[in-house]
Amino acid sequence: MTDTTPTPEPDDRDPLAEAESIINDEAARAQAEAGDTEGDALDSDLSAAEAKAAEHFADLQRLQAEFVNYRKRVERDREAAAGATTAKVVEQLIPVLDDIAAAREHGELDGGPFASIATKLEDTLGRLGWSSYGAVGDEFDPQIHEALTSQASTEVTVPTVQLVAQPGHRVGDRVVRPARVIVAQPE
């Protein structure tokens, strides 16, 4: 069987069907373009939102780093202020500590009630970072010792503390008062 339906000639086409076809084609094309434009707009909005989010994230990271640095700086300043305050207290107590050292050297602290008080004071200051230094035989260091005088000696090969006139005091690494010493110099 062959199809005997006549094919419409160009002049035989239905103008209404042709107009509907053109309108439908144009509508489909417009909708496709609108979909592409809408998709492009969505992509553009998404890209803008991602850029804004990345900017806010970078700001957040910067602020967090600034806060961490601020916290560290405040902690360092707090520790420095505490150390300076302790050093000032020790500096004011140096005459008392010198008297305790002299009394100990002369045997006046042996077993008396004053020995207990002196030990408690030194222990309390020790918990705050205080220490006394300077001993006979130490190598002379001008950073922590104050040489009152020096004497030539054949018994030493480097400048050495021969006598401690007054012990030195420090809080942590900070020297509050250098040890006052007499130095033996090699000949």
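The rules we used
- Chains are numbered independently. Their residues run from 1 in the order of the written sequence.
- The predicted nature of this model means local features are confined to residues of pLDDT at least 70 and side-chain atom pairs, given and counted, to a pLDDT of 80 or more, with totals for whole chains, interfaces and linings taken over all residues.
- Side-chain calculation: all heavy atoms of the structure are included, whereas hydrogens and water are not.
- Secondary structure follows DSSP: runs of H or I at least 4 residues long count as helices, runs of E at least 2 residues long count as strands, and numbering of each begins at the N terminus.
- Relative accessibility decides the category of a residue: with a 1.4 Å probe and only protein chains considered, values under 20% of the type maximum give buried, values over 50% give exposed, and everything between is partly exposed.
- Residues are treated as being in contact if the distance between any of their heavy atoms lies within 4.5 Å.
- Method for areas: the Shrake-Rupley scheme with a 1.4 Å probe, in which residue coverage is limited to the protein chains shown.
- A pair of strands counts as paired when DSSP detects no fewer than two bridges linking them.
- A fitted line through C-alpha atoms represents every axis, and for helices the fit uses only the stretch in contact; the resulting angles, taken between N-to-C directions, go from 0 to 180 degrees.
- For this analysis, a salt bridge means a side-chain nitrogen from Lys or Arg found within 4 Å of a carboxyl oxygen belonging to Asp or Glu.

Draft legend 1. Representation of the overall build of the protein chain in the model. Of regular secondary structure, the protein chain possesses two helices and six strands. Seen in sequence order, the protein chain has helices and strands lined up from the N terminus as α-α-β-β-β-β-β-β. Here the protein chain holds 187 residues, and the buried ones make up 18% of them. Put simply, of all contacts in the protein chain between residues at least 6 apart along the chain, 66% involve residues at least 24 apart. Summing over all exposed atoms, the protein chain offers an accessible surface of approximately 13,800 Å²; the carbon and sulfur share of this is 54%.

Draft legend 2. The side chain of threonine 86, seen in detail. The topology assignment puts threonine 86 in helix α1 (residues 15–105). Here threonine 86 falls in the buried class, since its relative accessible area comes to 14%. Contacts of threonine 86, omitting those with residues within four sequence positions, involve Leu128 and Val171.

Draft legend 3. Main features of the sheet that holds strand β2 (residues 145–153). The three strands lie next to each other as β2-β6-β3, forming an open sheet whose pairing is mixed. At either end of the open sheet lies a strand with only one pairing partner, and these are β2 and β3 (160–166). Across the sheet, the axes of successive neighbouring strands diverge by a mean angle of 25 degrees, strand direction being ignored. Pairing of β3 with strand β6 (residues 179–186) involves five bridges; the strand directions are antiparallel. Across the sheet, threonine 160 pairs through a bridge with alanine 184, a residue of β6.

Draft legend 4. View of the pattern of salt bridges. Scanning all chains against the criterion turns up six salt bridges. A salt bridge links arginine 177 to aspartate 98, with the nearest nitrogen and oxygen atoms 2.7 Å apart. Of this pair, arginine 177 sits in strand β5 (residues 174–177) while aspartate 98 sits in helix α1, placing them 79 residues apart in sequence. Here the two residues arginine 177 and aspartate 98 agree in accessibility, since each one is buried. Notably, a salt bridge pairs arginine 104 with glutamate 122, separated by 3.0 Å at the nearest N-O pair. Here the residue arginine 104 occupies a position in helix α1, and glutamate 122 occupies one in helix α2 (residues 113–127), the gap between them amounting to 18 residues. On the basis of relative accessibility, which here comes to 39%, the residue arginine 104 falls in the partly exposed class. With relative accessibility at 19%, the residue glutamate 122 sits in the buried group. Taken together, the shared-partner salt bridges in this structure form one network comprising Asp59, Arg62 and Glu66.

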